[in-house]
Amino acid sequence: MINLQDKVVIVTGASSGIGASLAELFSAASSKVTMAARRKEKLLKVSCSCSCETLVVPADIVLNTDRRKIVDETIRKWGRIDILVNNAGLGMYGDFLAATETDWKKLFDINVFAPVLLTKLVIPVMKKQGSGIIVNIASIGGLYAHSDKVTPYVASKHALVGFSRGLARDLAGTGIKVLAVCPHLTDSEFFAVSTGADLMAPLVEKTKKYMESPDKVARGIIDQLDSERLVVFPTERGAKSYEKQRDI
Ligand SMILES: NC(=O)c1ccc[n+]([C@@H]2O[C@H](COP(=O)([O-])OP(=O)(O)OC[C@H]3O[C@@H](n4cnc5c(N)ncnc54)[C@H](OP(=O)(O)O)[C@@H]3O)[C@@H](O)[C@H]2O)c1
């Protein structure tokens, strides 16, 4: 595991689930964490359970002004950015033909364009430093279609993995590394707030017993920040499910 003491880390979607656990674990490892999400009260609550100093930035990552605010406030406070975790994301469940153009655009704005554009703001800072890690939280759905009725989500997470692959090549030799993290089912608010949550509820009920805890997933991510591989599975379950499905 890399030494995280005094590292400056931005975590998007730090108000719940995997992002909240990441913020707490980075902080427990003595990192300085910028926590971004829309719900300020939730961010403040998570911040209270962090052991080191944090910076809470209420932000909607689909807005350019808010992405700028995340980066500018982090630089103003700590003067550098060592790790960017593009974690904020949304799910979508339902029949392919029922998903509207607006649904697709909203999903891609959050799951693809926001991480791409936030990364664009952070890379120049990391280039100046000669070091950094971009951690894109994709999904096993970024590697194969893990369920029926999740076509837009699978497409968005494949795009995020593709972005990570291209970026890693373009950044070779700069000291900046890219990881595409592919969690398996994780027990978080994700299944309650995603588009089509009502339709998905019976399936969620059935699969709940197979879900990982956000803490376990976050621990798996932090343990593998030094991985030489681009695609990282935070837990054994994700790696195994990919092994079974990879040729489909
Ligand atoms: N749960 C799973 O089974 C699973 C599996 C594989 C991959 N993932 C991925 O893991 C990541 C985290 O998901 P999770 O399971 O921890 O879900 P979660 O508990 O619903 O967390 C999602 C986070 O994203 C934030 N967010 C959503 N839209 C945002 C926006 N426009 N601007 C800023 N923040 C926004 C939410 O905060 P606010 O609402 O406060 O803005 C929340 O903190 C996602 O990218 C998801 O696709 C999840």
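Before reading on, note that the structure itself is shown above.
Here we summarise the structure given alongside this text. (Residues numbered from 1 in each chain as written. Predicted model: local features only at pLDDT ≥ 70, side-chain atom pairs only at ≥ 80, totals over all residues.)

### A closer look at the overall build of the protein
- On a plain count of helices and strands, the protein comes out with nine helices and seven strands.
- The globule rule puts the C-alpha radius of gyration for 248 residues at 18 Å, and the 17 Å found for the protein is close to it.
- Seen along its three principal axes, the alpha-carbon backbone of the protein occupies a region of about 45 × 40 × 35 Å.
- Considering the protein as a whole, with its 248 residues, one finds that 46% of them fall into the buried category.
- Sequence separation of 24 or more characterises 69% of the internal contacts of the protein that already satisfy a separation of 6 or more. (Helix = DSSP H or I, 4+ residues; strand = E, 2+ residues; numbered from the N terminus. Rg over C-alpha atoms; globule rule 2.2 N^0.38 Å. Buried ≥ 20, exposed ≤ 12 C-beta atoms within 10 Å, placed from the backbone. Contact = placed C-beta atoms within 7 Å.)

### Considerations on the packing of helix 3 (residues 64–78) against helix 4 (residues 101–129)
- Running from N to C, helix 3 and helix 4 cross one another at 30 degrees; their axes reach a closest spacing of 9 Å. Looking at the two axes, helix 3 sits roughly parallel to helix 4. The handedness of the crossing between helix 3 and helix 4 comes out as right-handed. Facing Asn64, Arg67, Arg68, Ile70, Val71 and Ile75 of helix 3, the residues of helix 4 in contact are Leu117, Leu118, Leu121, Val122 and Val125. (Axes fitted to C-alpha atoms, helices over the stretch in contact; angles between N-to-C directions. Parallel < 35°, antiparallel > 145°, perpendicular 65-115°, else oblique. Left-handed = near helix turned anticlockwise from the far one by under 90°.)

### Concerning the environment of Ser31
- With respect to the element layout, Ser31 can be found in the loop between helix 1 (17–28) and strand 2 (32–37).
- Given 25 C-beta atoms within a 10 Å radius, Ser31 is considered buried.
- A sequence separation of 22 residues divides Ser31 from Val9, and the C-alpha atoms of the two residues are 6.8 Å apart.
- Setting aside residues no more than four positions away along its own chain, Ser31 makes contact with Leu4, Lys7, Val9, Phe26 and Cys52.

### Details of the site of the ligand
- Within the structure, the ligand sits among 30 residues, and Gly13, Gly17, Arg38, Arg39 and Gly89 are positioned closest to it.
- Counting only elements with at least two residues in the shell around the ligand, the list comes to helix 1 and helix 6 (190–193).
- Top contributing element to the shell around the ligand by residue count: helix 1, with three residues.
- Along the lines of polarity and charge, the residues of the shell around the ligand split into 14 nonpolar, 11 polar and five charged. (Near = placed C-beta within 6 Å. Nonpolar A, V, L, I, M, F, W, Y, C, P; charged D, E, K, R; others polar.)

### Considering the nonpolar core
- Counting residues in each nonpolar core, the largest one holds 57 residues, and the members touching the most others are Ala23, Met35 and Val135.
- Considering every element that reaches this core, the biggest residue donor is helix 1, with six residues.
- Filtering out sequence-adjacent residues up to four positions away, Ala23 remains in contact with Val11, Ala14, Val33, Met35, Val46, Cys50 and Thr54.
- Of all hydrophobic cores here, the second largest spans nine residues; its members include Tyr153, Val154, Phe190 and Phe191. (Core = buried A, V, L, I, M, F, W, Y, C linked by C-beta atoms within 7 Å.)

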